[in-house]
Amino acid sequence: MGGIYIHVPFCRKKCFYCDFYKTTAVSQKPLFLQSLHREIDLQCEYLQNEPVDTVYFGGGTPSVLLPSEISEILEHLGRCHAFSNQAEVTVEANPDDLSLTYLKELKMVGANRLSIGIQSFHPEDLKRMNRRHTRDQAVASVANALDAGFGDISIDLIYGLPELSMSRWEENLRQAMELPATHLSAYHLTYHEGTMFYHWLKKGQLKEIPEDDSIAQFEMLMDMSAAAGYEHYEISNFARNQAYSKHNSAYWKGKKYLGLGPSAHSYDGVSRQWNIADLYHYLKSLQQGELNFEREILSDTDRLNDFLITRIRTKWGLDLREIQTYFSQKARLKLENSAKKYLISGHLKMDGDIIYLTRQGIMVSDEIMLALLAEES
Ligand code: SF4
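Asker: Explain the overall build of the protein chain to me, please; I cannot follow it from the model alone.
Answerer: Along its length, the protein chain carries 15 helices and 15 strands. At 21 Å, the protein chain has a C-alpha radius of gyration in line with the 21 Å of a compact globule built from 377 residues. Its C-alpha atoms give the protein chain principal-axis dimensions of about 55 × 50 × 45 Å. Here the protein chain holds 377 residues, and the buried ones make up 53% of them. Pairs at least 24 residues apart make up 70% of the contacts formed inside the protein chain by residues separated by at least 6 positions.

Asker: When you look at the environment of Tyr187 in this model, what are you seeing that I'm missing?
Answerer: Position of Tyr187 relative to the elements: it lies in strand β6 (residues 183-188). Assessed through its relative accessible area of 40%, Tyr187 is described here as partly exposed. Expressed as a C-alpha distance, the spacing of Tyr187 and Leu157, which sit 30 residues apart in the sequence, is 6.6 Å. The contacts of Tyr187, once residues within four sequence positions are left out, are Leu157, Ile158, Tyr159, Ser236 and Asn237.

Asker: What am I meant to see in the site of the ligand here?
Answerer: Inspection of the region around the ligand gives Cys11, Lys14, Cys15, Tyr17, Cys18, Lys22, Gly59, Gly60, Thr61, Asn94 and Arg131 as its neighbouring residues. Grouping the constituent residues of the shell around the ligand by class yields 4 nonpolar, 4 polar and 3 charged.

Asker: Would you take a moment to explain the state of the cysteines for this structure?
Answerer: Note: disulfide means a covalent bond formed between the sulfur atoms of two cysteine side chains. Across all of its chains, the model carries 1 disulfide by this definition. Across the disulfide, Cys44 is cross-linked to Cys80 (sulfur-sulfur distance 1.7 Å). Its S-S torsion of approximately -100° makes the covalent link between Cys44 and Cys80 left-handed. Of this pair, Cys44 sits in the loop between α1 (29-42) and β2 (52-59) while Cys80 sits in helix α2 (residues 67-80), placing them 36 residues apart in sequence. Cys44 gets classed as buried once you look at its relative accessible area, which sits at 18%.

Asker: Teacher, can you tell me more about helix α8 (residues 211-227) here?
Answerer: Quick reminder: α-helices carry 3.6 residues per turn. Residues three or four places apart thus point the same way. Look at α8: 24 Å from first C-alpha to last across 17 residues, which is about the 24 Å you get at 1.5 Å a residue. Within the sequence span of α8, burial applies to Ser214, Gln217, Phe218, Met220, Leu221, Met222, Met224 and Ser225. On its buried face, α8 sits against β5 (152-159), α6 (166-178), β6, β7 (231-234), β8 (237-239) and α14 (359-363). Backbone geometry just downstream of α8 places Gly229 in the positive-phi region, at approximately 90°.

Asker: Looking at this structure, how should I read the sheet that holds strand β14 (residues 348-351)?
Answerer: Sheet strands pair by backbone hydrogen bonding; their relative direction is either parallel or antiparallel. An order of β13-β15-β14 is seen for the 3 strands of this open sheet, with the pairing classed as antiparallel. The open sheet is flanked by β13 (318-319) and β14, the only strands paired with a single partner. Relative to strand β15 (residues 354-357), β13 runs antiparallel, the two being bridged by 2 bridges. Along β15, the bridge assignment pairs Leu318 with Ile355. Strand contacts of helix α13 (residues 329-345): β13, β14 and β15, with the helix running at about 120° to β14, the strand carrying the most contacts.

Rules of the game
Residues numbered from 1 in each chain as written. Predicted model: local features only at pLDDT ≥ 70, side-chain atom pairs only at ≥ 80, totals over all residues. Heavy atoms only, no water. Helix = DSSP H or I, 4+ residues; strand = E, 2+ residues; numbered from the N terminus. Rg over C-alpha atoms; globule rule 2.2 N^0.38 Å. Buried < 20%, exposed > 50% of the residue type's maximum accessible area, 1.4 Å probe, protein only. Contact = heavy atoms within 4.5 Å. Near = heavy atom within 4 Å. Nonpolar A, V, L, I, M, F, W, Y, C, P; charged D, E, K, R; others polar. Disulfide = S-S within 2.5 Å. Expected span 1.5 Å × (residues − 1). Pairing = 2+ DSSP bridges. Axes fitted to C-alpha atoms, helices over the stretch in contact; angles between N-to-C directions.

Read these as geometric descriptors, not functional statements.
Written as structure tokens, this is what we have:
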């Protein structure tokens with residue numbers, strides 16, 4: 001099974017923390033759509049007849065697209081690729097785009113999962129981040145999605161924001177847990193170079209929250225989501241009633257995927273490639289009938305490290321037998337050796353041949369993954 005990711009690069013305004021590739025040049029949408037359709041044709045063979053199990057419209061803000069435009073994209077993809085019966089079609093959206101009418105139409109054209117970028121319910125946080133929506137719009141968007149017939153609704157939250165107190169984070173979580181969502185993605189704020197937040201941090205106009213608060217907010221996230229029936233199935237992802245994101249789970253299981261649109265990444269099992277992260281050059285190339293991407297052939301060590309990082313982050317863990325089968329006995333032994341220290345300290349646990357992060361390990365997962373990585377020989 002394979003997946004398809006479509007990067008819709010338009011945002012009506014830019015959030016101050018965001019480093020995804022995006023542009024406010026929404027007037028370029030018609031040319032973007034024309035180019036995207038050309039790219040679909042040019043990349044028809046990329047998945048080598050692998051049936052498509054997931055389509056993910058990400059961005060940017062895919063909800064700038066009309067349902068009819070999404071429908072045309074899906075139809076075109078369907079002419080190139082065989083879709084599985086249970087294919088998951090996710091559309092990322094901003095709450096203020098999600099009227100009941102829009103959502104009903106979106107459902108009718110084949111979208112069956114929504115990922116709503118709420119980030120916070122608090123007016124001060126929303127203003128600080130330069131988000132477009134209000135708390136009420138966030139709450140209404142989930143209610144509308146349910147009314148429109150979406151059973152799979154994911155919401156995004158951000159913690160670790162400057163001046164985010166424990167009580168405000170608790171309020172955010174309480175509000176999130178009350179919503180009839182089935183999935184939650186919650187990420188700690190990162191100060192990415194090139195963003196306004198990074199600029200303000202460097203100029204001393206913003207202050208990072210203390211590390212203890214970051215840890216306490218993550219602890220609170222884990223506790224409150226568990227109490228509200230969410231299962232913590234990946235470092236930053238939580239699902240009710242096993243409503244795991246099929247698309248992201250496919251990344252974590254090393255399945256092939258095709259990325260379309262500026263900055264989108266693709267993976268075919270032996271190489272990774274990424275489209276140019278620039279709308280102007282993306283459009284120019286496709287208008288001339290050419291793709292514009294860079295490609296990297298993966299070494300055995302790259303593949304081993306990808307395998308390790310993607311598996312260990314989930315609740316299904318890293319199976320050492322698979323390391324032995326797909327790589328080598330030597331790779332397994334080396335990994336067991338590097339994991340020892342963390343097994344003793346309680347950051348990792350082992351059940352049969354499978355290694356998992358413990359709750360304590362999830363808190364420092366970046367450090368653990370770095371320590372487990374194999375070095376190029
Ligand atoms: S967070 Fe989403 S809506 Fe905000 S600028 Fe980034 S891509 Fe656009």
